[in-house]
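Coordinates in review
Now for the letters of each chain:
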Protein chains: 4
Amino acid sequence: MTELAAVKAALKTQAVETPSWAYGNSGTRFKVFAQQGVPRTPQEKLDDAAKVHEFTGVAPTVALHIPWDKVDGSDGYAELAKHAGDRGVKLGAINSNTFQDDDYRLGSICHPDAAVRRKAVDHLLECVDIMDATESRDLKLWFADGTNYPGQDDIRARQDRLAEGLAEVYERLGDGQRMLLEYKFFEPAFYTTDVPDWGTAYAHCLKLGEKAQVVVDTGHHAPGTNIEFIVATLLREGKLGGFDFNSRFYADDDLMVGAADPFQLFRIMYEVLRGGGFSSEVAFMLDQCHNIEAKIPAIIRSVMNVQEATAKALLVDREALAAAQRSGDVLAANAVLMDAYNTDVRPLLREVRGEMGLDADPVAAYARSGWAEKIVAERVGGQQAGWGA
Amino acid sequence: MTELAAVKAALKTQAVETPSWAYGNSGTRFKVFAQQGVPRTPQEKLDDAAKVHEFTGVAPTVALHIPWDKVDGSDGYAELAKHAGDRGVKLGAINSNTFQDDDYRLGSICHPDAAVRRKAVDHLLECVDIMDATESRDLKLWFADGTNYPGQDDIRARQDRLAEGLAEVYERLGDGQRMLLEYKFFEPAFYTTDVPDWGTAYAHCLKLGEKAQVVVDTGHHAPGTNIEFIVATLLREGKLGGFDFNSRFYADDDLMVGAADPFQLFRIMYEVLRGGGFSSEVAFMLDQCHNIEAKIPAIIRSVMNVQEATAKALLVDREALAAAQRSGDVLAANAVLMDAYNTDVRPLLREVRGEMGLDADPVAAYARSGWAEKIVAERVGGQQAGWGA
Amino acid sequence: MTELAAVKAALKTQAVETPSWAYGNSGTRFKVFAQQGVPRTPQEKLDDAAKVHEFTGVAPTVALHIPWDKVDGSDGYAELAKHAGDRGVKLGAINSNTFQDDDYRLGSICHPDAAVRRKAVDHLLECVDIMDATESRDLKLWFADGTNYPGQDDIRARQDRLAEGLAEVYERLGDGQRMLLEYKFFEPAFYTTDVPDWGTAYAHCLKLGEKAQVVVDTGHHAPGTNIEFIVATLLREGKLGGFDFNSRFYADDDLMVGAADPFQLFRIMYEVLRGGGFSSEVAFMLDQCHNIEAKIPAIIRSVMNVQEATAKALLVDREALAAAQRSGDVLAANAVLMDAYNTDVRPLLREVRGEMGLDADPVAAYARSGWAEKIVAERVGGQQAGWGA
Amino acid sequence: MTELAAVKAALKTQAVETPSWAYGNSGTRFKVFAQQGVPRTPQEKLDDAAKVHEFTGVAPTVALHIPWDKVDGSDGYAELAKHAGDRGVKLGAINSNTFQDDDYRLGSICHPDAAVRRKAVDHLLECVDIMDATESRDLKLWFADGTNYPGQDDIRARQDRLAEGLAEVYERLGDGQRMLLEYKFFEPAFYTTDVPDWGTAYAHCLKLGEKAQVVVDTGHHAPGTNIEFIVATLLREGKLGGFDFNSRFYADDDLMVGAADPFQLFRIMYEVLRGGGFSSEVAFMLDQCHNIEAKIPAIIRSVMNVQEATAKALLVDREALAAAQRSGDVLAANAVLMDAYNTDVRPLLREVRGEMGLDADPVAAYARSGWAEKIVAERVGGQQAGWGA
């Protein structure tokens with residue numbers, strides 16, 4: 001296989017998981033701007049996600065968020081999985097939610113009150129039950145836990161509670177199931193966050209065992225943090241479970257991945273490839289909020305941005321790079337990387353799509369498909385999906 | 001008058017304006033945790049604000065937010081002012097809101113569509129009408145305007161629109177009325193913010209004229225920004241109109257002022273005193289969100305934090321400081337400042353309160369007053385006030 | 001002229017000024033790593049700068065730094081100018097230095113001691129004398145002034161001293177001469193910096209008059225600051241005098257421009273074009289430290305990075321952009337900008353160079369030229385140029 | 001023992017190690033301002049450090065830096081230790097230096113060239129030899145290693161080299177000897193730093209074994225990082241080896257500890273106490289640069305700042321705090337902490353000093369001692385100590 005053929009083959013196997021909640025309304029604390037045609041049910045979210053896969057070819061799974069995507073009945077999730085399958089997609093990771101109940105005002109799994117912790121852990125265990133039903137591999141855990149004021153709670157005791165709760169959930173995981181622990185620098189807690197950085201997530205996952213892995217949300221770091229370094233380190237430690245992709249200029253802006261700093265996304269994808277992480281062991285997920293832009297096209301664009309960064313990373317001449325690095329030629333080594341980054345990979349990706357039987361331009365194809373008009377016309381009445389809905 | 005007497009006299013004249021919205025529910029984009037007993041009407045917010053003044057003695061005015069505090073009828077605002085007066089407080093600044101209407105998805109006064117801009121400016125003009133009715137001096141303008149993605153709109157054209165809209169509102173101001181223009185680093189817009197820093201606010205105010213002044217929200221700066229420098233600069237330029245006090249560890253956390261970095265608050269208050277800003281020309285306002293803590297006691301605590309910082313700033317031995325500065329003795333100059341900061345001013349403030357006929361401990365006095373229990377018992381049903389309510 | 005021809009024409013007129021000091025040794029506070037072949041005299045710096053212009057065609061001027069590039073004799077600067085001219089380049093901006101004398105421990109133009117201020121202002125006046133001799137248009141002022149500890153000096157008094165000193169220098173400027181005032185977030189002062197942001201520089205320049213302009217160093221901002229917004233604003237105000245280009249991941253790293261965030265550089269160049277700043281009124285200068293990489297090739301690479309960003313900015317379809325912006329189509333507007341950014345402009349620039357009679361690949365041509373080997377062989381002995389040398 | 005007696009007893013046992021290099025000249029990349037009377041030899045540094053201990057009573061040990069404090073002869077270090085002992089102090093941690101040799105341009109222990117790595121590891125082994133001679137317990141390792149440009153070197157390979165080098169040094173440690181691994185966010189490397197955060201240091205120390213511990217330099221974090229959280233976490237993991245105390249407003253400013261954010265220092269000391277870290281297992285060291293202020297008084301002031309923060313932390317009513325935390329009373333819990341912080345502990349510390357037979361005011365006592373004048377008069381000629389000297 002020629003080198004270019006190998007690049008194309010890799011691009012065809014790429015899989016980006018889209019999140020059900022990104023199809024619903026979202027916003028800031030100041031305002032949620034509702035959009036027309038937004039899904040009202042988990043099924044309608046899957047319908048939209050299937051469109052993203054139909055036009056990109058590389059978004060075959062959809063992450064669920066519990067309880068937002070909760071369905072009733074003993075066969076509810078099996079039916080939901082069938083709904084997805086009928087449209088060409090599969091259910092992906094199960095995301096827990098321990099932040100939108102009044103009981104969680106002072107935390108969930110780290111709360112000072114054992115009763116609230118019990119409730120939170122029970123929710124996580126329920127999520128594993130759902131994973132059994134949906135045949136999901138990954139339980140993605142993000143905790144909003146933390147404190148707003150110095151002294152509010154005991155930092156160390158909260159770590160003890162966290163460890164205890166995680167251990168109970170870890171024990172419940174079945175064969176082939178994993179726990180992905182997400183860290184976040186701050187928000188919604190402002191003084192302490194109980195899993196604020198990769199080090200904390202890593203330390204907990206290490207103690208839990210092999211099924212516990214760290215997930216990197218690209219928007220969850222302090223200003224100036226070198227994210228690709230963390231990616232390289234976690235891969236070296238065998239502890240990178242996946243990504244929540246998005247982009248940001250300031251805090252956790254949840255913008256389209258690659259929109260704020262496409263060079264950073266390229267560097268991240270290069271470290272993924274370098275570290276052997278371009279495999280099914282690392283889950284590539286989007287976690288974004290399309291507050292003001294059209295949602296489905298934004299997700300298509302995001303998937304394409306990941307593809308473009310991946311294509312550029314695949315094009316890096318790794319032998320030339322290694323040679324320049326060995327020789328200590330700073331400029332030459334940098335130039336090898338930049339050569340790949342500066343390449344316009346859009347023609348290559350259009351070719352790849354052609355070979356996959358797809359339209360070369362997913363955004364235009366979606367626009368022509370009439371789906372946007374159809375959902376605006378049909379999804380009238382009912383309760384639109386959104387944060388908390 | 002002895003020096004200590006002068007300090008006490010200054011502390012007795014202090015006036016901190018509390019914001020009506022801080023008495024209502026608030027939260028993050030993830031969750032608003034409702035509290036019991038929260039006001040349901042502008043009148044009930046004033047009742048709570050009056051309690052803060054009753055126990056602190058230095059919170060005599062209450063800022064309104066339009067439309068959240070809108071009242072009906074030709075005499076509505078006069079009646080509201082009377083309601084306040086009957087409880088010992090007055091109405092303060094009028095805060096506009098051009099961010100919670102669906103039309104404002106892409107901005108308000110800077111929106112690409114002239115019709116939306118018209119609507120926004122009309123709202124601001126209506127706010128001046130209300131100022132006439134409430135006899136408020138200050139119109140406080142904070143714009144959520146900005147963009148999320150590069151290219152989304154034309155940065156410069158938005159400045160032109162901003163200038164045009166502000167000019168129209170400025171012309172409408174009556175004698176003795178002012179426009180306070182607030183800047184904010186980011187949020188809810190993530191890529192550009194149309195008034196992102198003091199320089200932009202200053203440049204606009206300069207062109208508008210003397211009635212336009214800059215307002216400094218202590219949570220609206222990039223990491224590491226020296227806020228007291230901005231305070232000193234704006235005072236030197238005659239352009240500091242007031243403060244929105246709060247505190248933050250990361251972004252615009254809107255925590256109790258003085259909670260995150262009390263030393264910074266002290267330095268700010270020192271520059272206020274140094275620059276002659278401890279006068280009625282500078283409005284000292286709170287702008288906070290008490291997401292997880294009890295609201296009225298949090299506001300009382302915030303007012304007390306401002307008092308403590310002010311007391312320490314008043315205690316700085318300015319002659320000794322100037323002498324050390326002149327001599328280039330870095331350590332001695334720093335030590336003079338730290339001496340004041342390290343002083344425990346709580347006994348002094350207890351004395352001041354005693355001389356003002358107040359309980360020495362406002363938090364305890366409020367707790368004993370039964371008000372918290374009363375509002376929980378009485379404010380049942382109806383729609384609690386909150387962001388957007 | 002076709003559109004592409006116009007783009008090419010614009011690229012051929014581009015002029016990037018390189019700084020004499022970037023050819024010398026530099027480092028961090030921890031270590032200056034000396035390189036072989038580094039210039040020992042102002043003349044040798046010009047020789048190197050001429051090489052950069054020879055291979056790029058767009059680096060026709062060289063900024064001097066006084067006293068580092070001070071020459072003796074009544075005709076010293078005329079001879080230096082002739083030395084430059086003989087090699088195809090011209091002398092550019094004069095950069096002052098009021099930070100490397102022991103007297104400046106507590107500041108220069110803002111120092112509490114009038115004698116030190118006098119010395120600093122005299123140095124600046126001397127720089128204008130040199131400008132007369134070198135026929136330089138621009139005096140570039142960067143002040144290391146500030147304080148390290150709260151209380152160390154009076155923030156406001158330092159502003160008064162700054163204003164006074166600047167005014168005296170401004171008065172001395174001749175016809176056609178300008179003062180470019182640079183701001184910097186922090187370093188080497190850690191608590192306050194006397195010109196910390198564009199707002200402060202702008203306020204001073206506004207009072208001084210038309211010959212005083214702000215210069216934007218791309219590395220001198222707080223984390224997360226939107227630099228292109230500042231560029232757009234200063235151009236709108238008629239106060240953008242020029243750039244000090246470099247790039248940074250964290251603080252003022254002084255890396256090759258475009259190396260850390262090429263997308264940001266593109267956005268900056270787009271605002272320059274949008275605001276009419278791609279003209280001789282705005283000086284495009286490099287200000288970089290090549291601590292570990294070969295200096296001349298790094299500067300060539302930097303000039304090329306500016307060219308590439310400019311080419312992409314020139315390729316933006318401004319009509320399509322304006323249409324998408326007007327229609328409020330966030331994704332379409334962003335896509336227009338990204339289309340230009342994602343274009344590989346290196347073939348176009350190779351063409352431009354060919355048409356200018358240059359080698360298509362300046363880095364390779366320089367490497368082949370033997371200059372690097374020649375200076376290593378010839379520049380033996382003497383005192384290498386470097387920070388302070 | 002009463003509670004207050006216990007607080008006093010704890011304060012009397014406190015030990016803060018001062019660094020030999022802080023007595024010498026230091027500066028920024030822009031300028032090192034030399035001061036009169038600065039030591040010229042390791043012995044003179046010890047003389048100065050002994051003065052700090054003489055007046056504070058809690059600075060009994062002095063950290064050395066190799067090769068800056070290298071002494072000759074087979075008995076050199078024994079004599080140095082005796083020199084210290086004669087003056088009432090002891091030698092403390094040995095600090096390695098793998099950043100000030102030209103060979104280290106691209107790194108030391110992580111350098112791509114095995115020969116350079118060998119040299120670096122040999123230096124570290126030599127440091128352990130010196131520890132044997134000085135009877136030091138701790139080898140403090142800070143690496144300037146990193147890269148400035150994307151692609152410059154392989155991130156992961158550098159981690160492999162780091163692990164290999166550390167392992168060799170770890171093996172060499174004797175009984176009772178420890179390796180303290182320091183992390184740093186950035187500087188002098190700007191793109192990647194090979195030990196950039198506590199997570200990386202922790203992961204390496206965990207693999208090395210019990211003698212490897214993490215050291216927290218309070219200036220080495222990204223903006224907004226919650227340092228006390230890291231302290232609590234490392235203590236919980238049994239991996240906190242010590243502190244390098246200093247303070248900063250922006251980057252690694254190396255100002256006097258407690259000068260920039262005294263409330264943060266208090267919170268850190270509270271977590272130290274809470275986590276059982278106020279013991280000999282955690283080394284409390286200063287690592288500061290007194291660029292513009294008098295060095296010995298600045299170090300005395302720094303030691304006092306640590307004392308004041310410790311005293312406040314000791315005064316926290318931990319039972320009341322725990323009760324408020326358990327009850328979920330955010331404001332009450334915060335108030336308990338703030339009560340201790342707002343206390344003026346200077347009278348208590350004056351008392352403690354009196355009971356220790358010291359002057360109540362170490363700064364004034366030092367000033368009266370004549371030492372400053374003596375060293376200015378006597379330390380004439382020779383080479384002043386400084387960065388690299």
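Residues numbered from 1 in each chain as written. Chains lettered and ligands numbered in written order. Predicted model: local features only at pLDDT ≥ 70, side-chain atom pairs only at ≥ 80, totals over all residues. Heavy atoms only, no water.

Looking at an unreviewed UniProt entry, chain A carries the name L-rhamnose isomerase, with the source organism given as Streptomyces peucetius.

**Section: the overall build of chain A**
Here is the rule: Strands here mean DSSP runs of E at least two residues long; helices mean DSSP runs of H or I at least four residues long; both are numbered from the N terminus. Using C-alpha atoms as the atom set, the radius of gyration is obtained and then compared with a globule rule of 2.2 Å times the number of residues to the power 0.38. A simple rule labels every residue: compare its accessible area, found with a 1.4 Å probe on the protein chains alone, to the largest value its type can have, and call it buried under 20%, exposed over 50%, or partly exposed in between. Contact definition: two residues touch when any of their heavy atoms are within 4.5 Å. When charges are counted, Lys and Arg contribute as positive and Asp and Glu as negative, whereas His and the chain ends are disregarded. Throughout, a charge is located at the NZ atom of Lys, the CZ atom of Arg, the CG atom of Asp or the CD atom of Glu.
A tally of helices and strands in chain A yields 14 helices and 10 strands. Taking 21 Å as the expected radius of gyration for a compact globule of 389 residues, we find that chain A reaches 21 Å, a close match to that expectation. For chain A, with 389 residues in total, the buried portion stands at 68%. Considering only residue pairs separated by 6 or more positions, chain A has 77% of its internal contacts joining residues 24 or more positions apart. Seen as two clouds, the 41 positive and the 58 negative side-chain charges of chain A have centres 2 Å apart.

**Thoughts on the interface of chain D and chain A**
Size of an interface, as often reported, equals the accessible area lost when the parts are brought together. Test applied: Summed over both partners, the accessible area lost on bringing two parts together, with a 1.4 Å probe, is the buried area. Counted as salt bridges are all cases of a side-chain nitrogen of Lys or Arg within 4 Å of a carboxyl oxygen of Asp or Glu.
With 53 residues of chain D in contact, the opposing surface of chain A contributes 54 residues. Note on chain D versus chain A: buried area summed over both sides is about 4,400 Å², and carbon and sulfur give 57% of it. By the criterion of area lost to chain A, the three top residues of chain D are Arg156(D), Phe229(D) and Arg236(D), representing 17% of everything that side buries. Seen at the junction of chain D and chain A, the total is 6 salt bridges.

**Section: the packing of aromatic side chains**
Residues and elements named next belong to chain C. Note the cut-off: Only Phe, Tyr and Trp rings are paired, with Trp represented by its six-membered ring, and only when their centres lie within 6.5 Å; those with planes under 30 degrees apart are stacked, over 60 edge-to-face, the remainder tilted.
This model, assessed by the stated rule, comprises 75 aromatic pairs over all chains. Plain terms: the ring middles of Phe 245 and Phe 284 are 6.2 Å apart, the flat faces sit at 20 degrees to each other, and that makes the pair stacked. Here Phe 245 is found in strand 9 (residues 240–245), whereas its partner Phe 284 is found in strand 10 (residues 283–286), with 39 residues between them in sequence. Phe 284 matches Phe 245 in its accessibility class, with the two residues each being buried.

**Topic: the interface of chain B and chain C**
What counts here: We define a polar contact as two N or O atoms separated by no more than 3.5 Å, with the added condition that, inside protein, one atom must be a possible hydrogen donor and the other a possible acceptor, whereas residues neighbouring each other in sequence contribute only through side-chain atom pairs. Each residue is assigned to one class: nonpolar for Ala, Val, Leu, Ile, Met, Phe, Trp, Tyr, Cys and Pro, charged for Asp, Glu, Lys and Arg, and polar for all the others, Gly among them.
At the interface, 53 residues of chain B touch 53 residues of chain C. In this assembly, chain B packs against chain C so that about 4,400 Å² is buried in total across both faces, 58% of it on carbon and sulfur atoms. On the surface where chain B and chain C come into contact, there are 6 salt bridges. With a shortest N-O distance of 2.6 Å, Asp160(B) and Arg236(C) are connected by a salt bridge. In this structure, the connection of chain B to chain C is made through 24 residue pairs in polar contact (both at pLDDT 80 or more). Per-element tally for the side of chain B that touches chain C: the top contributor is helix 6 (residues 198–208) of chain B, with 8 residues. For the side of chain B that touches chain C, a count of residues per class yields 24 nonpolar, 15 polar and 14 charged.

**Concerning the relation of the copies chain D and chain A**
In summary, the two copies of the chain are related to each other by a rotation about an axis coupled with a shift along it. Keep this limit in mind: When the copies are overlaid, the least-squares fit takes in C-alpha atoms only where the residue has pLDDT of at least 70 in both copies.
Of the two same-sequence chains, chain D is brought onto chain A (RMSD 0.0 Å, axial shift 0.0 Å) by a rotation of 180 degrees. Considering both components of the superposition, the chain copies are consistent with a two-fold axis. For chain D, the residue whose C-alpha comes nearest the rotation axis is Gly199(D), separated from it by 2.0 Å. The overlap is high: 100% of the interface residues of chain D also sit at the interface in chain A, so the same surface is used on both sides.

**Quick word on the environment of Gln383(A)**
Residues and elements named next belong to chain A. Relative to the assigned elements, Gln 383 resides in the segment after helix 14 (371–378). Residues Gln 383 and Val 38, 345 residues apart in the sequence, show an inter-C-alpha distance of 9.4 Å. For Gln 383, the residues in contact, after removing those within four places along its chain, are Pro 39 and Arg 40.

**Some details on the relation of the copies chain B and chain C**
Mapping chain B onto chain C calls for a screw motion: a turn of 180 degrees about the axis and a shift of 0.0 Å along it, with 0.0 Å RMSD after fitting. Taken together, the interface assignments show that 100% of the residues at the interface of chain B recur at the interface of chain C, consistent with an identical surface on both copies.

**Looking at the sheet that holds strand 9 (residues 240–245) of chain D**
Note: strands within a sheet are paired through backbone hydrogen bonds, in either parallel or antiparallel orientation. All names here are of chain D. The test is simple: Here, strands pair whenever DSSP counts at least two bridges between them. To get an axis, a line is fitted to the C-alpha atoms, and for a helix only the part in contact is used. The angle between two axes follows their N-to-C directions and goes from 0 to 180 degrees.
The strand order 1-2-3-4-6-8-9-10 describes an open sheet built from 8 strands, whose pairing is parallel. Sheet topology places strand 1 (18–19) and strand 10 (283–286) at the edges, where each strand pairs with a single neighbour. Bridge analysis of strand 4 (residues 138–141) against strand 6 (residues 178–182) gives 4 bridges, and the strand direction is parallel. In the sheet register, Lys 140 faces strand 6, and the bridge partner there is Leu 180. Strand contacts of helix 5 (residues 155–172): strand 4, strand 6 and strand 8 (212–217), with the helix running at about 150 degrees to strand 6, the strand carrying the most contacts.

**What to know about the nonpolar core**
Worth spelling out the cut-off: Take the buried Ala, Val, Leu, Ile, Met, Phe, Trp, Tyr and Cys residues and link them wherever side-chain atoms come within 4.5 Å; each set so joined is a nonpolar core.
By size, the foremost hydrophobic cluster in this structure holds 373 residues, and its most contacted members are Phe243(A), Phe243(B), Phe243(C), Phe245(C) and Phe243(D). Looking at this core element by element, the count peaks at 10 residues for helix 9 (residues 295–315) of chain A. Ignoring anything within four residues of it in the chain, the contact list for Phe243(C) reads Val215(C), Val216(C), Val231(C), Ile268(C), Val272(C), Val282(C), Ala283(C), Phe284(C) and Met285(C). Residues Tyr191(C), Phe186(D), Met256(D) and Leu331(D) belong to the second largest nonpolar core, which totals 84 residues.

**A word on the UniProt feature "domain: Xylose isomerase-like TIM barrel" (unreviewed entry) in chain A**
How we decide: UniProt positions are given in the numbering used here, feature names are shortened, and annotations may be inferred rather than shown by experiment.
Within this numbering scheme, the UniProt entry marks residues 49–248 of chain A as carrying the feature "domain: Xylose isomerase-like TIM barrel" (unreviewed entry). Taken end to end, residues 49–248 of chain A has its terminal C-alpha atoms 23 Å apart, with 40% of it in helix and 18% in strand.

**Some thoughts on helix 1 (residues 3–13) of chain A**
Residue pairs spaced three or four apart in an α-helix point in one direction, given the helix's 3.6 residues per turn. Residue and element names in this part refer to chain A. Rule in force here: Arc definition: directions from the helix axis to the C-beta atoms.
Along helix 1, the positions that sit buried rather than exposed are Val 7, Lys 8, Ala 10 and Leu 11. Here the buried residues of helix 1 occupy an arc of 160 degrees about the axis, which is enough to place them on one side. Those residues of helix 1 that are buried are in contact with helix 9 and helix 12 (346–355).

**Some details on unusual backbone geometry**
Residue Pro67(C) is bonded to the preceding Ile66(C) through a cis peptide linkage, with omega at 15 degrees. Inspection of the secondary structure puts Pro67(C) in the loop between strand 2 (61–65) and helix 3 (76–86). At Glu135(A), a residue that is not glycine, the phi angle is positive and equals roughly 60 degrees. Among the structural elements, Glu135(A) can be located in the loop between helix 4 (114–134) and strand 4 (138–141). The phi torsion at Asp254(B) lies on the positive side, around 55 degrees, for a residue other than glycine.

**Considerations on the sheet that holds strand 3 (residues 90–95) of chain A**
Residue and element names in this part refer to chain A. Spatial ordering of the open sheet is given by 1-2-3-4-6-8-9-10, a layout of 8 strands whose pairing is parallel. Where the open sheet ends on each side, the last strands, each with one partner, are strand 1 (18–19) and strand 10 (283–286). On top of the sheet, helix 3 (residues 76–86) reaches strand 2 (61–65) and strand 3; it is set at about 130 degrees to strand 3, its chief contact. Against the sheet, helix 9 engages strand 1, strand 9 (240–245) and strand 10, with an angle of about 145 degrees to strand 10.

**Looking at the pattern of salt bridges**
All names here are of chain A. Scanning all chains against the criterion turns up 164 salt bridges over all chains. Salt-bridge contacts for Glu 44 lead to Arg 379; the nearest nitrogen and oxygen are separated by 3.5 Å. With Glu 44 in helix 2 (residues 42–56) and Arg 379 in the segment after helix 14, the pair connects residues that are 335 residues apart, well separated along the chain. Residue class for Glu 44 comes out buried when judged on its relative accessible area of 14%.

**Concerning the confidence of the model for chain A**
Selection criterion: The score called pLDDT rates the predictor's confidence residue by residue, from a low of 0 to a high of 100.
Averaged over chain A, the pLDDT score is 97; the fraction of residues at 70 or greater is 99%. Quick note on the complex model: pTM equals 0.98, ipTM equals 0.97.

**Focus: the pairing of strand 3 (residues 90–95) of chain C**
All names here are of chain C. What counts here: For crossovers, right-handed means that the path from the first strand over the helix to the second runs clockwise, given strands pointing away from the viewer.
Burial analysis of strand 3 places 5 of its 6 residues in the buried class, the great majority of the element. Of the strand pairs in this sheet, strand 2 and strand 3 are connected by 4 bridges, and their pairing is parallel. The residue bridging Thr 61 from the neighbouring strand is Lys 90, located in strand 3. In this fold, the crossover linking strand 2 to strand 3 by way of helix 3 has right-handed handedness. The pairing of strand 3 with strand 4 (residues 138–141) spans 2 bridges and is classified as parallel. Along strand 4, the bridge assignment pairs Ile 94 with Leu 139. Between the parallel elements strand 3 and strand 4, the chain passes through helix 4 (residues 114–134) in a crossover that is right-handed.

**Quick look at the environment of Met285(A)**
Checked against the element boundaries, Met285(A) lands in strand 10. Separated by 224 residues in the primary sequence, Met285(A) and Thr61(A) have C-alpha atoms spaced 9.2 Å apart.

**Remarks on the environment of Gly76(D)**
Tracing the sequence through the fold places Gly76(D) in helix 3 (residues 76–86). In this structure, the C-alpha to C-alpha distance between Gly76(D) and Thr147(D), residues 71 residues apart in sequence, is 37 Å.

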